[in-house]
Amino acid sequence: MIDIGANLTHKRFEHDLQAVIDSALDAGMSRMIVTGTSLDENPKARVLARQYPDLLACTAGVHPHHADEVCTLPDWLEALARQAEAPEVCALGETGLDYHRGFASRENQQRVFNAQLDLAEQLKKPLFVHERDTDGALADMLVARQSNIVGAVVHCFTGTREDLVRYLDAGFMIGVTGWLCDERRGTRLQTLIGDVPEDRLMIETDAPYLMPRNMPKPWAHRNEPANLVWVVRKLAELTGRDETEIKHTTAQNASRFFFLARASEA
């Protein structure tokens, strides 16, 4: 298995990260991609990736929640470019738009996302994209660039059927998390997941967030990469595919998409 999005620099992992990594390996994990979300967090993700070069890679980006913050910095894009050039960085992101929480103005979110689209084109690295409740605005921006970027994965996809069709028609990848396992919020995604072609699907935990709710209770206080097996189990239940096949195919997709140096098998 490959977990394409785990926030391993989060403070919830600071006291027992090695145990978390060991548990992931025991669960069958072959690679994990540590998510970078800000100018402060990106270097931490890179340090982790350097510590575990055969297991971890990372992303570098500015999450839309930080758009107002970086827009006050005249050289933020140059700083991000230096971070993203590192060989451990396999994608630009987490970047995108989030109109659900409104932690940054829409204008600044769009400005920062556009700048990172330019940077991804320049560096020839794929995009790790965040989208929440943008009513097609992110799809408009992303699809307009489809011929210029190496590729994009819409991580933790939670959108509509229209969104899904637009992303797939543009050649983008879809990442699914424990949201798929949520009997409260995930019902729409559950009806759509069968429409995602096998070669366009990747899996992730977004740990420590989005605990798969099909896990037996009591649930821990955080999600971990080892719990990716429960996302696989839900995928198998909804699509009728074999769990081993899902692990293998999604790992191949991730290796290809992120240009991982060593091909990983589930």
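Given the structure is predicted, the values throughout are model-derived calculations rather than measurements. (Residues numbered from 1 in each chain as written. Predicted model: local features only at pLDDT ≥ 70, side-chain atom pairs only at ≥ 80, totals over all residues. Heavy atoms only, no water.)

Next up on the list: the side chain of Thr-177. For Thr-177, the position within the fold is in the loop between strand 7 (173–176) and helix 8 (187–192). A relative accessible area of 1% places Thr-177 in the buried class. Here Thr-177 is in contact with Cys-156, Glu-204, Thr-205, Asp-206, Leu-210 and Val-231, once residues within four sequence places are set aside. (Helix = DSSP H or I, 4+ residues; strand = E, 2+ residues; numbered from the N terminus. Buried < 20%, exposed > 50% of the residue type's maximum accessible area, 1.4 Å probe, protein only. Contact = heavy atoms within 4.5 Å.)

Turning next to unusual backbone geometry. Of note, the amide linkage connecting Gly-93 to Glu-94 takes the cis form, showing an omega dihedral of 20°. Considering the arrangement of structural elements, one finds Glu-94 in strand 4 (residues 89–98). In this chain, Lys-217 is followed by Pro-218 through a cis amide linkage whose omega measures 5°. By the secondary structure assignment, Pro-218 is in the loop between strand 8 (201–203) and helix 9 (228–239). For Asp-133, which is not a glycine, the phi torsion comes out positive at approximately 55°. Positive phi is not limited to glycine here, since Asp-206 has a value of about 60°. Following the sequence through the fold, Asp-206 ends up in the loop between strand 8 and helix 9.

Between helix 4 (residues 76–84) and helix 5 (residues 106–123), whose axes approach to 11 Å, the crossing angle comes to 40°. The angle between the axes of helix 4 and helix 5 places the two elements in the oblique class. Like other packed secondary-structure pairs, helix 4 and helix 5 cross with a definite hand, here right-handed. Residues Trp-76, Leu-77, Leu-80, Ala-81 and Ala-84 of helix 4 form the contact with helix 5, whose own contacting residues are Val-112, Ala-115, Gln-116, Leu-119 and Leu-123. (Axes fitted to C-alpha atoms, helices over the stretch in contact; angles between N-to-C directions. Parallel < 35°, antiparallel > 145°, perpendicular 65-115°, else oblique. Left-handed = near helix turned anticlockwise from the far one by under 90°.)

Take the side chain of Asp-182 next. The residue Asp-182 is located in the loop between strand 7 and helix 8 in this model. On the basis of relative accessible area, Asp-182 is assigned to the buried category, the value being 3%. Each residue touching Asp-182, except ones within four places of it in the same chain, is listed here: Thr-187, Gln-190 and Arg-213.

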